[in-house]
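What follows is each chain in one-letter form.
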Amino acid sequence: MDVQTIPDLLRHARETHRKPNAFLVRRAGVWVPVSIETFASNVAGVSGWLRAQGVQRGDRVAILSESRYEWAVADVAIVSIGAISVPFYPTLPAGQIAPLVADSGVTGAFVSDSAQHEKLKLVESERAAGAAALRFVWNFDESGLPEVAAGAAAAETESPMVQGEDIATIIYTSGTTGVPKGVMLTHANIAAEVVIALTSWKLNPDDLYLSFLPLSHVLERCSGLYTMLYGGATIAYAESFDKLPRDLREVRPTVLIAVPRLYEKVIARAIETAEGAGRFTRGIFQNAYRVAVEVGRLKDEGKPVPPWTALERSIGRALVYGKIARGLGGRTRLRVSGGAPLNRDVALFYRGAGLPIHEGYGLTET
């Protein structure tokens, strides 16, 4: 394995792919490309700024933000100087963030906007007497990305200090079965996951990935950020989950990692459209759905598809399955589902329709 740390992943991307559009960010209604060199420069600038704030190797820095380009920059910058990135879900209220702040001992934080900043102000106001205050809280919406003069040069020369066995991040479990626990993951753990993932996922520089799941979750962070970066795919950050249908149409990703609900909603929209188009169209859709599930089941069991079923599937492909594909942007070649179990019939339908979905297991502890 030629990479042992997250900075190694970035170096590989710069040296191997040299992409002028490593990222796409929607600004003022336009998808703006960001080159891998700009990303690396942003990371170096933030790394230098963090050092200027007194952040040292082993210090913990929180990220309380929705998924966005700045999230990725801050995360890679934190770990590039040997500090530890601690993401918090932006949907958490202040009362649930407070114990995580205390447990992790974060010394500073990046936040997306004033609403997230207010949560941390409330946490700070209620901290126990004598507890160390946060050194800084940086607001992306208000101030963009921080940087210092010559920060890039400093980050480049000092990044080899990071070792594979160093802790890169502390990610908190959901707490659905008890008190959230901070899971410590090393650089080598993450780097190995990326390399292993790409033995089964074949990414290429022409791939375009639409990121909309929370980067605070280990699946999106490892597979949707680090793996895409290392594999050379372009990463486009969706503006919001509410705007996802529009972003899918505009970006037209070739790679998609989603929760089961998205794949279910695409089918539900197709059913709703068929229902509204009359009995004949409804019948065509129902038969196409039945056939796809049956074909998926046969493929799952390693059995041949009978000629009549194959013919029905061809009709379904011409009249129905293409519309399902368009609901995912129109050109996805790799689809992953994670975060919850994928309903078996839904999985069989997509497989039978020629749109197989791979299961992604984002288990924090591993």
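What counts, and at which threshold
Residues numbered from 1 in each chain as written. Predicted model: local features only at pLDDT ≥ 70, side-chain atom pairs only at ≥ 80, totals over all residues. Heavy atoms only, no water. Helix = DSSP H or I, 4+ residues; strand = E, 2+ residues; numbered from the N terminus. Rg over C-alpha atoms; globule rule 2.2 N^0.38 Å. Buried < 20%, exposed > 50% of the residue type's maximum accessible area, 1.4 Å probe, protein only. Contact = heavy atoms within 4.5 Å. Areas by Shrake-Rupley, 256 points an atom, 1.4 Å probe, with all protein chains shown as cover. Pairing = 2+ DSSP bridges. Polar contact = N/O pair within 3.5 Å; in protein donor to acceptor, adjacent residues only side chain to side chain. Patch = residues over 30% accessible without salt bridge, like charges linked within 9 Å, V, L, I, M, F, W, Y side chains within 5 Å. Salt bridge = Lys/Arg side-chain N within 4 Å of Asp/Glu carboxyl O. pLDDT = per-residue confidence, 0-100. Axes fitted to C-alpha atoms, helices over the stretch in contact; angles between N-to-C directions.

When you look at the overall build of the protein chain in this model, what are you seeing that I'm missing?
What the protein chain contains, in helices and strands, is 14 helices and 13 strands. For the protein chain, the C-alpha radius of gyration of 22 Å lies close to 21 Å, the compact-globule estimate for 366 residues. By its C-alpha atoms, the protein chain is 70 × 45 × 40 Å across when sized along the principal axes. Among the 366 residues that make up the protein chain, the fraction classed as buried is 52%. Of the contacts formed within the protein chain by residues at least 6 apart in sequence, a portion of 74% connects residues at least 24 apart. Split by element, the accessible area of the protein chain, about 16400 Å² in all, is 55% carbon and sulfur.

What exactly am I supposed to notice about the pairing of strand β1 (residues 23–27) here?
Each regular strand shows side chains that alternate between the opposite faces of the sheet. Among the five residues of β1, four are classified as buried, and the element is accordingly described as predominantly covered. Pairing analysis gives five bridges linking β1 to strand β2 (residues 30–34), with the strands arranged antiparallel. When the bridges of β2 are listed, Phe-23 appears paired with Val-34. Counting the residues between successive antiparallel strands, the hairpin from β1 to β2 contains two residues, one of them, Ala-28, with a positive phi of roughly 55°. Pairing geometry for β1 and strand β10 (residues 234–237), over three bridges, is parallel. Its bridge partner being in β10, Val-25 is matched across the sheet by Tyr-237.

What is the right way to read the environment of Arg-252 from this model?
Of note, Arg-252 is situated in the loop between α10 (244–251) and β11 (255–258). Here the side chain of Arg-252 touches Gly-329 through a polar contact of 3.4 Å, landing on its backbone oxygen.

Mind showing me how you'd approach a nonpolar patch on the surface here?
A cluster of nonpolar side chains, Trp-308, Leu-311, Ile-315 and Leu-319, forms an exposed patch at the surface whose accessible area comes to about 430 Å². Examined against the element boundaries, Ile-315 turns out to sit in helix α13 (residues 307–327). Residue Ile-315 is classed as partly exposed on the basis of its relative accessible area, which comes to 46%.

Got a minute to help me understand the confidence of the model for the protein chain in this structure?
As a general rule, the predicted coordinates of low-pLDDT regions are not to be interpreted in detail. Here the protein chain averages 91 in pLDDT, while 95% of its residues score no lower than 70. Between residues 150–159, whose pLDDT stays under 50, and residues either more than four places distant or in other chains, the model counts 11 contacts.

Quick question: what am I supposed to make of the sheet that holds β2 here?
Backbone hydrogen bonds hold the strands of a sheet together, and the pairing may be parallel or antiparallel. One open sheet accounts for seven strands, arranged β2-β1-β10-β9-β11-β12-β13; its pairing is mixed. The open sheet has two free edges, formed respectively by β2 and β13 (357–360), since each of these has just one partner strand. Neighbour-to-neighbour, the strand axes of the sheet open up by a mean angle of 25°, direction not taken into account. Taken strand by strand, α10 contacts β1, β2, β9 (208–211), β10 and β11, and its axis lies near 170° from that of β9.

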